[in-house]
Amino acid sequence: MEQFKTYALMTGLTLLFIWFGGMIAGQTGMIIAFIAAAGMNFYAYYYSDQAVLKHYHAHPVDRAHASGLYEIVEKLTQRAGLPMPALYIIPEQQPNAFATGRNYEHAAVAVTEGLLNLMTEEEIEAVIAHELSHIKHYDMLIGTVTATIAGAIAMLAQFGMFFGGGDRDRPNIFVTLALMFIMPLAATIIQMTVSRNREFMADEGAARMTGHPEWLQSALAKLDNYARGITMPEADPQTAHMFIINPFTGKDVSLKQLFSTHPSTEARIEKLEALK
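All values reported here derive from a predicted model rather than from experimental measurement.

### With respect to the overall build of the chain
Moving on, step 1. Broken down by element type, the chain carries 10 helices and 4 strands.
Moving on, step 2. When each of the 276 residues of the chain is scored for burial, the buried share is 52%.
Moving on, step 3. Carbon and sulfur atoms make up 61% of the accessible area of the chain, which amounts to about 13,000 Å² in all.

Given below as structure tokens:
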């Protein structure tokens, strides 16, 4: 069911992108948008996981090189009925983590050195459980695709006036201009809504997986606090939604936070309180 929902969302966003291309440049725009969407979805599905791991200089580890981390993940995957994901460590001091990969067999969990150094074992277990919950519900693929399509819509809006199309196909110029402002905002809201809902679901999944909501509450409070004081130089806005805590937390202002892909830490901790 979760995999079906993922593909349905991918299809819906792709059709939205194609429709937008048609509204800007008629049939020509639809064809260009279709080709672009096909290429982006292919890349996002098969290669985005390795691209993001490479971007953050993540290096793979196994039981021999990170026995404590490996044993935590192994225990939780057995409990969740998941295959063992590939494990990576990111050489960053900000405590953070994310999951990536297109399915259970190609999943990966990456944690920063800061997470391993600054968190207790129980807090690390809660964070790993959160990431495994994302894997269980295919959230990493959903997040990648929504971010890709949202970025593509914004790009298409910026260059919309350069696309061709006959007068019969091209909509009213005022409609075109309105869409060029509205569609990127709509795509951002879709991405934001999907990501926020998935974070709440992963928090709940982690609490049930460990049986200790308070572990994740403590971890989230620490992660939020450290993120305000420790920057992540390699952080990229296009992949920020993948992390358990927004790596730009310390740089957020109120308006930017309004459109953040992460719900507030306070709201997440409050929802976890209700699970006790």
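### Focus on empty space enclosed by the protein
Moving on, step 1. In the structure shown here, the tally under the stated rule is 3 cavities of 30 Å³ or more.
Moving on, step 2. In this structure, the second largest cavity occupies an estimated 50 Å³ of space.
Moving on, step 3. Taken together, 12 residues line the second largest cavity, and the ones lying closest to its centre are Ala 44, Tyr 45, Ser 48, Gly 101 and Arg 102.
Moving on, step 4. Contributions of two or more residues to the lining of the second largest cavity are made by α1 (2-46), α2 (48-55) and α6 (139-158).
Moving on, step 5. Of the residues contributing to the lining of the second largest cavity, the split by class is 6 nonpolar, 4 polar and 2 charged.

### Topic: the pattern of salt bridges
Moving on, step 1. One pass over the full model with this rule turns up 8 salt bridges.
Moving on, step 2. A salt bridge links Arg 208 to Glu 204; its shortest N-O distance comes to 3.0 Å. With a gap of 4 residues between them, Arg 208 and Glu 204 both fall in helix α7 (residues 173-210), about one helical turn apart.
Moving on, step 3. Residue class for Glu 204 comes out partly exposed when judged on its relative accessible area of 35%.
Moving on, step 4. Salt bridges sharing partners connect three or more residues here, namely Glu 199, Asp 203 and Arg 268.

### Details of the pairing of strand β4 (residues 108-112)
Moving on, step 1. Judged by how many residues are buried, β4 sits mostly within the fold: 5 of 5 residues are covered.
Moving on, step 2. Pairing between strand β2 (residues 86-90) and β4: 5 bridges, direction parallel. Residue pairing for β4: Leu 87 is matched across the bridge by Val 109.
Moving on, step 3. Direction of pairing for strand β3 (residues 97-100) relative to β4: antiparallel, over a ladder of 4 bridges. Of the residues in β4, the one forming a bridge with Phe 98 is Ala 110.

### With respect to the UniProt feature "active site" (unreviewed entry) in the chain
Moving on, step 1. Taking the numbering used here, the UniProt-annotated feature "active site" (unreviewed entry) corresponds to Glu 131.
Moving on, step 2. Locating Glu 131 in the fold gives a position in helix α5 (residues 121-136).
Moving on, step 3. Assessed through its relative accessible area of 0%, Glu 131 is described here as buried.
Moving on, step 4. Each residue touching Glu 131, except ones within four places of it in the same chain, is listed here: Ala 97, Phe 98, Ala 99, Val 109, Met 242 and Ile 244.

### Details of the packing of aromatic side chains
Moving on, step 1. Scanning all chains against the criterion turns up 4 aromatic pairs.
Moving on, step 2. For the ring pair Tyr 56 and Phe 98, a centre distance of 6.0 Å and an interplane angle of 55 degrees mean the geometry is tilted. In this pair, Tyr 56 is assigned in the loop between α2 and β1 (59-61) and Phe 98 in strand β3, connecting sequence segments 42 residues apart.
Moving on, step 3. A relative accessible area of 1% places Phe 98 in the buried class.

Calculation rules
- Residues numbered from 1 in each chain as written.
- Predicted model: local features only at pLDDT ≥ 70, side-chain atom pairs only at ≥ 80, totals over all residues.
- Heavy atoms only, no water.
- Helix = DSSP H or I, 4+ residues; strand = E, 2+ residues; numbered from the N terminus.
- Buried < 20%, exposed > 50% of the residue type's maximum accessible area, 1.4 Å probe, protein only.
- Areas by Shrake-Rupley, 256 points an atom, 1.4 Å probe, with all protein chains shown as cover.
- 1 Å grid on protein atoms, 1.4 Å probe; cavity = no way out; pocket = protein on both sides within 12 Å on 5 of 7 lines; lining within 4 Å.
- Points joined across faces, edges and corners; volume = space filled by probe spheres on them.
- Nonpolar A, V, L, I, M, F, W, Y, C, P; charged D, E, K, R; others polar.
- Salt bridge = Lys/Arg side-chain N within 4 Å of Asp/Glu carboxyl O.
- Pairing = 2+ DSSP bridges.
- UniProt positions renumbered as here; feature names shortened; annotations may be inferred.
- Contact = heavy atoms within 4.5 Å.
- Phe/Tyr/Trp six-rings, centres within 6.5 Å; stacked < 30°, edge-to-face > 60°.

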